[in-house]
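# Working through the structure, step by step
Read off the chains here:
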Amino acid sequence: MPEPSHSTLRTILEECRDGADGIGFNEVVVMLESTAASAEVYMDFDDLRFTPDGRIVTLMVPGGTHMHLDMSKIREAEFIHTTNDQGLPSYQLWMRDSDGNPAMRIYLRKSDEDTTNPPRHNFFMSLLDKYPAKIALSADEFGAAGEHP
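Attention here is on the structure that accompanies the text. (Residues numbered from 1 in each chain as written. Predicted model: local features only at pLDDT ≥ 70, side-chain atom pairs only at ≥ 80, totals over all residues. Heavy atoms only, no water.)

### A closer look at the packing of aromatic side chains
Heads up, the rule is: Each Phe, Tyr or Trp ring (for Trp, its six-membered ring) is paired with any other whose centre lies within 6.5 Å, and the angle between the two planes then decides the class: stacked below 30 degrees, edge-to-face above 60, tilted in between. Secondary structure elements are taken from DSSP: a helix is a run of H or I of four residues or more, a strand is a run of E of two residues or more, and numbering for both begins at the N terminus. To sort residues, take the accessible area from a 1.4 Å probe on protein chains only and compare it with the maximum for the residue type: under 20% means buried, over 50% means exposed, and anything in between is partly exposed. Consider the ring centre and the ring normal. A charge sits over the ring if Lys NZ or Arg CZ is within 6 Å of that centre and within 35 degrees of that normal.
Counted according to the given criterion, the structure contains six aromatic pairs. Each ring, one from Phe25 and one from Phe45, has its centre 5.7 Å from the other, and the planes form 40 degrees; the classification is tilted. Separated by 20 residues along the polypeptide, Phe25 in the loop between α1 (8-18) and β1 (27-33) and Phe45 in the loop between β2 (38-44) and β3 (48-50) bring together distant segments of the chain. With a relative accessible area of 1%, Phe45 lands in the buried category. Following the ring pairs from residue to residue traces out a cluster consisting of Phe25, Phe45, Phe79, Tyr91, Phe123, Phe124 and Tyr131. Directly above the aromatic system of Phe50 lies the positively charged group of Arg10, at a separation of 3.9 Å from the ring centroid. One cation-aromatic arrangement involves Arg105 over Trp94; the distance from NZ or CZ to the ring centre is 4.4 Å.

See the structure below:
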């Protein structure tokens, strides 16, 4: 069995999940897309499961819905803070493949509990301070990555 890998992307995803003082990404929309289709899944970003080799992360939603991400195929991550068309802040984590195409995007939703929105904003801005530019990711972190699960 290959040695487990603790990649840069895994570190970022765990940091987003764990947050600071119990405030992390929490309520999110995860978007997957291809040239022909897209899907949005509303979820709490608290159940991430990694394969023993550390290459695949499964994002779990209560009730059985889940998504797999082969982290060995992601070459770039980027935290993005913009204003949406309604004038509201938009907090995003984009993950792109080797062609620069978005493979998965994570958007923070406005919390149902208004008191958690300011700490979530502060947490996201601390991530943006830590990762102010695109983060280059290497397949070498995973050794000889296999085919899609």
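### Examining the pattern of salt bridges
Let me state the cut-off plainly: Salt bridge, as used here, is a side-chain nitrogen of Lys or Arg placed within 4 Å of a carboxyl oxygen of Asp or Glu.
Taken as a whole and assessed by the stated rule, the structure comprises eight salt bridges. Residue Arg96 pairs with Glu76 through a salt bridge whose shortest N-O separation is 2.8 Å. Here Arg96, found in strand β7 (residues 89-96), pairs with Glu76, found in strand β6 (residues 76-83); they are 20 residues apart in sequence, far enough to count as distant. For Arg96, a relative accessible area of 10% translates into the label buried. For Glu76, a relative accessible area of 21% gives the class partly exposed. Note that Arg96 is salt-bridged to Glu78, the shortest N-O span being 2.9 Å.

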